[in-house]
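# Summary of structural features
As a plain string of letters, each chain reads:
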Amino acid sequence: MWGLFFLTTAIVAISLFGPGFLVLRGFGMSRCLAFSLAPLLGVAAYVLVGLVYEKLGVWSCWASQAGLLFIVAAIVFAVLRFALKRKPAVSFSLSDHGTVLGGRLSFDSACLLGYVSFACVFAGGLFVWYLGSPYSYAQQFDNISHLGTIQSFVNSGVWSPFASSLYSSASDAAINPLPGGGFYPTAWYSVAALAVTSMGVTTAFAENVANFVFVALVLPAGSFAFMRVLFDDRRAVIPFGAFCTLLFAGFPWMIILFGPLYPNLSAFCLVPAAAATFLLMFQFGCSRKQRVGLAVVFVFALMSLALAQPNAVFTLAVLLAPFCVWQVSRIPLSMKCKGKSCVAMRILLGAIALAVIYAIWMACYNAPFLASVVQHTWLPYADRLEAFEDALVVGFMAEGSQIVLAGLIIVGAAWTLWHRRYLWLSFSYAFACLIFVVNGYSDGPLKHIFGGFWYTDPWRCGAMASLIGIFLAAMGLYACWRGITTLVEKARKGAVSVPVSTAIAAFLALFAVLGSTFPGIPAPGSQTGAIAFRSVLSGLHTGASVASVYDDAEQAFVQEVKHMVLSDALIINVPDDGSAFAFAADDLRTYFRHTRDYDVPNETMESRIIRDNLCDAATRDDVREAVSTIGGQYVLQLDQGEPYVESPHLFTYGEGEQWRGIDSIRDDTPGFEVVLAEDDMRLYKITVVEVSA
């Protein structure tokens with residue numbers, strides 16, 4: 001079971017990393033950087049190929065997409081290598097950090113291996129523990145769409161972001177109760193669909209694989225790239241990032257729990273690599289051709305972020321905006337000006353850069369195509385002080401705190417005051433926390449101006465702050481290590497040996513991991529002593545192990561139904577009773593796959609009639625005509641007759657008023673014949689309508 005999980009993970013990872021790695025190696029990039037930045041090309045490529053295939057009528061699957069991309073990448077690799085005349089790897093003016101382990105491994109390779117290895121072991125242990133089985137999935141509202149879209153991708157072969165739907169196949173599109181569409185970011189779904197179409201696993205299995213690939217591989221590889229570029233001249237800082245990348249409850253774990261927000265998870269995991277690409281373009285000594293090449297990679301990075309979840313582009317902006325202001329303010333230094341006039345010029349240019357960034361921000365805020373996003377409102381969850389305290393103790397919507405990480409962030413921010421070339425990162429984190437706090441307590445215009453790009457959702461804003469906090473915490477861990485080694489050197493009146501220095505670093509890393517996760521160190525004065533990380537992981541475990549609306553008996557009943565009816569038979573259902581997952585997780589061809597929003601202008605007349613009056617099919621011509629039009633043959637009920645207060649329905653069910661035409665059907669209702677019955681579950685055949693085969 002778990003062997004298949006990790007085998008599928010390897011196949012998906014190779015498919016995602018491989019094409020981009022070949023292209024970047026052809027460009028002359030080192031192996032470590034090419035591996036770390038490869039998903040920026042791979043993610044965009046799979047979505048764009050899906051878009052083109054949909055226009056050409058080509059069926060999308062793992063073989064057709066990955067096969068094409070590997071062929072194209074191999075050709076690009078060969079052409080670029082020939083054009084570059086097999087020149088050695090391009091350094092982009094990065095320092096050569098030498099080798100380790102007796103010269104057997106480069107420093108960069110050792111660090112990248114450390115980042116990925118720690119993440120795989122740490123995340124692997126947590127995934128195995130909280131999932132219990134790779135087939136487990138959270139029975140939550142957002143996951144209906146996630147699982148259903150993957151299932152639709154697989155069934156239809158359409159992987160386009162402009163044709164994404166739970167009714168993607170031609171036969172399903174014809175009976176869609178809520179027709180319409182437009183752009184929807186589908187990168188995460190494409191990666192999950194690779195798992196299904198390559199290994200034949202279920203959609204639930206595939207979404208767990210996709211999440212693991214992004215959390216255990218894409219995120220740590222990108223974090224390494226960011227740290228490697230940022231601390232090019234201070235290599236000792238780089239290894240500490242490996243231990244901080246997955247310690248924050250707010251990201252990635254909280255957005256796996258809440259929602260769940262899997263597409264946002266994938267998008268945020270790409271941000272560090274995108275930021276590293278941007279920083280590389282400003283590396284002193286980079287040639288013009290190298291900058292042009294990096295600019296092309298960065299364009300692909302922006303495309304990948306937008307195709308995964310557009311708010312990741314604004315997350316990248318929050319991270320890099322202070323860097324841009326700092327870079328612009330340094331222009332006078334290249335002119336060799338001095339004195340007060342130079343200071344004044346730097347302040348002026350910095351202010352101009354800040355004004356330009358503000359103007360771009362407000363232009364995006366007022367853009368019509370983003371209006372529905374930025375005007376979406378989440379109600380405040382706390383007052384101003386409570387939201388500030390939540391950010392201060394690195395809780396970010398989780399129950400409890402992560403006081404060790406909070407301390408490391410403070411130390412890291414203080415360290416940037418002495419090493420000011422990194423001070424911009426402290427401003428990035430402060431800006432992200434400000435967005436989180438404003439979204440947490442405000443209900444006015446500022447809420448939308450600051451956090452509208454994240455739907456004014458404090459969970460997403462907290463995830464953004466946690467993501468940026470990773471790098472400040474790594475700085476703090478390094479600063480603690482330097483401080484302790486300096487004290488030891490003074491006490492011993494001599495240099496600290498490499499083994500002792502390494503032992504101090506290992507102890508600090510272990511303290512950071514255990515103090516932030518299990519068992520955790522509670523915040524002083526905390527009444528509950530709750531640790532945010534433990535709270536989130538407990539929620540993940542509960543969500544994966546508790547069948548809240550679609551229990552084992554109902555899943556078994558659906559499997560019996562699948563054996564009794566033809567695979568293309570259309571079954572009318574009430575999605576809130578758990579049968580929304582019958583399509584999404586078990587591929588039963590149900591009619592109603594969304595739990596909302598109905599009673600809206602774009603709902604079809606057939607859908608309205610069936611929801612309100614299906615029980616009257618024996619006596620009403622309009623009902624029979626509606627059923628005949630969609631080709632409905634059966635009715636599925638998973639919770640017949642249960643009072644609402646006891647019924648395990650999704651929250652979107654309300655009082656069930658939208659589903660009275662289906663809920664009212666009983667064994668003696670004219671026009672319906674019992675085909676399968678068990679406890680409160682029923683499958684009825686509609687006998688008053690003839691459906692042509």
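Above: the structure in question.
All of the points below concern the structure found in this document. (Residues numbered from 1 in each chain as written. Predicted model: local features only at pLDDT ≥ 70, side-chain atom pairs only at ≥ 80, totals over all residues. Heavy atoms only, no water.)

A few words on the overall build of the protein chain. Along its length, the protein chain carries 28 helices and 6 strands. For the protein chain, the C-alpha atoms occupy an extent of roughly 95 × 65 × 50 Å along the three principal directions. Here the protein chain holds 693 residues, and the buried ones make up 56% of them. Expressed as a percentage of contacts within the protein chain between residues at least 6 apart in sequence, the contacts between residues at least 24 apart total 75%. Between the mean site of the 41 positive side-chain charges and the mean site of the 47 negative ones, the protein chain shows a separation of 29 Å. (Helix = DSSP H or I, 4+ residues; strand = E, 2+ residues; numbered from the N terminus. Buried < 20%, exposed > 50% of the residue type's maximum accessible area, 1.4 Å probe, protein only. Contact = heavy atoms within 4.5 Å. Lys, Arg positive; Asp, Glu negative; His and termini not counted. Charge placed at Lys NZ, Arg CZ, Asp CG, Glu CD.)

A few words now on the packing of helix α4 (residues 107–131) against helix α23 (residues 532–545). Contact geometry for α4 and α23: axes closest at 8 Å, N-to-C directions at 45°. Compared by their axis directions, α4 and α23 come out oblique. Packed against α4, whose contacting residues are Phe122, Leu126, Trp129, Tyr130 and Leu131, the element α23 presents Phe533, Leu537, Ser538, Leu540, His541 and Ala544 at the interface. Within the contact of α4 with α23, the residues separate by chemical class into 9 nonpolar, 2 polar and no charged. (Axes fitted to C-alpha atoms, helices over the stretch in contact; angles between N-to-C directions. Parallel < 35°, antiparallel > 145°, perpendicular 65-115°, else oblique. Nonpolar A, V, L, I, M, F, W, Y, C, P; charged D, E, K, R; others polar.)

Before going further, it helps to examine the packing of helix α26 (residues 605–613) against helix α27 (residues 621–630). Contact pair α26 / α27: the axes reach a minimum separation of 9 Å and the direction vectors enclose 125°. Classified by the angle between their axes, α26 and α27 sit oblique to one another. Considering the relative orientation of α26 and α27, their crossing is left-handed. Two secondary-structure elements touch here, α26 through Glu606, Ile609, Ile610 and Asn613 and α27 through Asp622, Val623, Ala626, Val627, Thr629 and Ile630. (Left-handed = near helix turned anticlockwise from the far one by under 90°.)

A large share of strand β4 (residues 632–637) lies buried, amounting to 5 of its 6 residues. In this structure, strand β3 (residues 570–573) lies alongside β4, joined through 4 bridges in parallel fashion. Across the sheet, Ile571 pairs through a bridge with Tyr634, a residue of β4. The pairing of β4 with strand β6 (residues 681–686) spans 4 bridges and is antiparallel. Within the sheet, the bridge partner assigned to Val635 lies in β6 and is Tyr684. (Pairing = 2+ DSSP bridges.)

Take the side chain of Thr9 next. Position of Thr9 among the secondary structure elements: in helix α1 (residues 2–27). Owing to a relative accessible area of 4%, Thr9 belongs among the buried residues under this scheme. For Thr9, the contacting residues outside a window of four places in its chain are Val209, Phe212 and Val213.

The subject of this paragraph is the sheet that holds β3. Across the sheet, which stays open at both edges, the 4 strands sit in the order β3-β4-β6-β5 with mixed pairing between neighbours. The two strands at the open ends of the sheet, each matched to only one other strand, are β3 and β5 (672–678). When the angles between neighbouring strand axes are averaged without regard to direction, this sheet yields 25°. Seen against the sheet, α27 touches β3, β4 and β6 and runs at an angle of roughly 130° to β3.

Before going further, it helps to spend a moment on the nonpolar core. The nonpolar side chains of soluble globular proteins are, as a tendency, buried together. Of all hydrophobic cores here, the largest spans 174 residues; its most connected members are Phe226, Trp253, Leu425 and Trp454. In terms of residues, this core owes the most to one element, helix α8 (residues 203–230), which gives 19 residues. In this structure, Leu425 is in contact with Phe226, Leu230, Leu319, Ile468, Phe471, Leu472 and Met475, ignoring residues within four places of it in sequence. Listed in part, the 29 residues of the second largest apolar core include Phe583, Leu614, Trp659 and Val689. (Core = buried A, V, L, I, M, F, W, Y, C linked by side-chain atoms within 4.5 Å.)

Applying the stated criterion across every chain, the model contains 14 salt bridges. A salt bridge links Asp232 to Arg228; the shortest N-O distance between them is 2.8 Å. The residues Asp232 and Arg228 share a single accessibility class, namely buried. A salt bridge links Asp599 to Arg611, with the shortest nitrogen-to-oxygen separation between them at 3.0 Å. You can see Asp599 sitting in the loop between α25 (580–584) and α26 and its partner Arg611 sitting in helix α26, a full 12 residues away along the chain. Residue Asp599 is classed as partly exposed on the basis of its relative accessible area of 46%. For Arg611, a relative accessible area of 0% corresponds to the buried category. (Salt bridge = Lys/Arg side-chain N within 4 Å of Asp/Glu carboxyl O.)

A separate point is helix α11 (residues 262–281). Helix length check: α11, at 20 residues, gives a terminal C-alpha distance of 30 Å against a target of 28 Å (1.5 Å per residue), a fit within 8%. Most of α11 is tucked away, with 20 of its 20 residues classed as buried. (Expected span 1.5 Å × (residues − 1).)

Now for the environment of Gly469. Within the secondary structure, Gly469 is located in helix α21 (residues 458–492). On the accessibility criterion, Gly469 (0% relative accessible area) is buried. Sequence spacing of Gly469 and Ala45 is 424 residues, and the spatial spacing of their C-alpha atoms is 30 Å. If sequence neighbours within four positions are ignored, Gly469 has contacts with Phe248, Ile409 and Tyr429.

The next point concerns the pairing of β5. Where β5 lies against β6, 6 bridges are found, and the strand directions are antiparallel. Opposite Glu673, over in β6, you have Lys685 as the bridge partner. Linking two consecutive strands that pair antiparallel, namely β5 and β6, is a turn of 2 residues; a positive phi of about 50° is found at Asp679 within it.

Throughout the structure, instances matching the rule amount to 56 aromatic pairs. Taking the centre distance of 5.1 Å and the plane angle of 50° together, the rings of Phe278 and Phe282 count as tilted. For Phe282, a relative accessible area of 37% gives the class partly exposed. Its guanidinium or amino end placed over the ring of Phe107, Arg235 lies 4.2 Å from that ring's centre, counting from NZ or CZ. Taking NZ or CZ as reference, Arg330 lies 4.8 Å from the ring centre of Trp326, over its face. (Phe/Tyr/Trp six-rings, centres within 6.5 Å; stacked < 30°, edge-to-face > 60°. Lys NZ or Arg CZ within 6 Å of the ring centre and 35° of its normal.)

Moving on: the state of the cysteines. Scanning the model with the defined rule gives 0 disulfides in all. Left unpaired, Cys111 is separated from the closest cysteine sulfur, that of Cys32, by 8.7 Å. Cys111 sits in the buried class, given a relative accessible area of 7%. Counting only cysteine sulfurs, Cys269 is the nearest neighbor of Cys120, a cysteine outside any disulfide, at a range of 13 Å. (Disulfide = S-S within 2.5 Å.)

Before going further, it helps to spend a moment on helix α15 (residues 339–365). The end-to-end C-alpha distance of α15 is 39 Å, a good match for the 39 Å that 27 residues give at a rise of 1.5 Å each. Those residues of α15 lying buried are Cys342, Leu349, Gly350, Ala353, Trp361, Met362 and Tyr365. On the buried face of α15, the contacting elements are α13 (311–329), α14 (331–334), α16 (371–374), α19 (423–441) and α20 (445–451).

Note that all results are geometric; they support no functional claim without further evidence.
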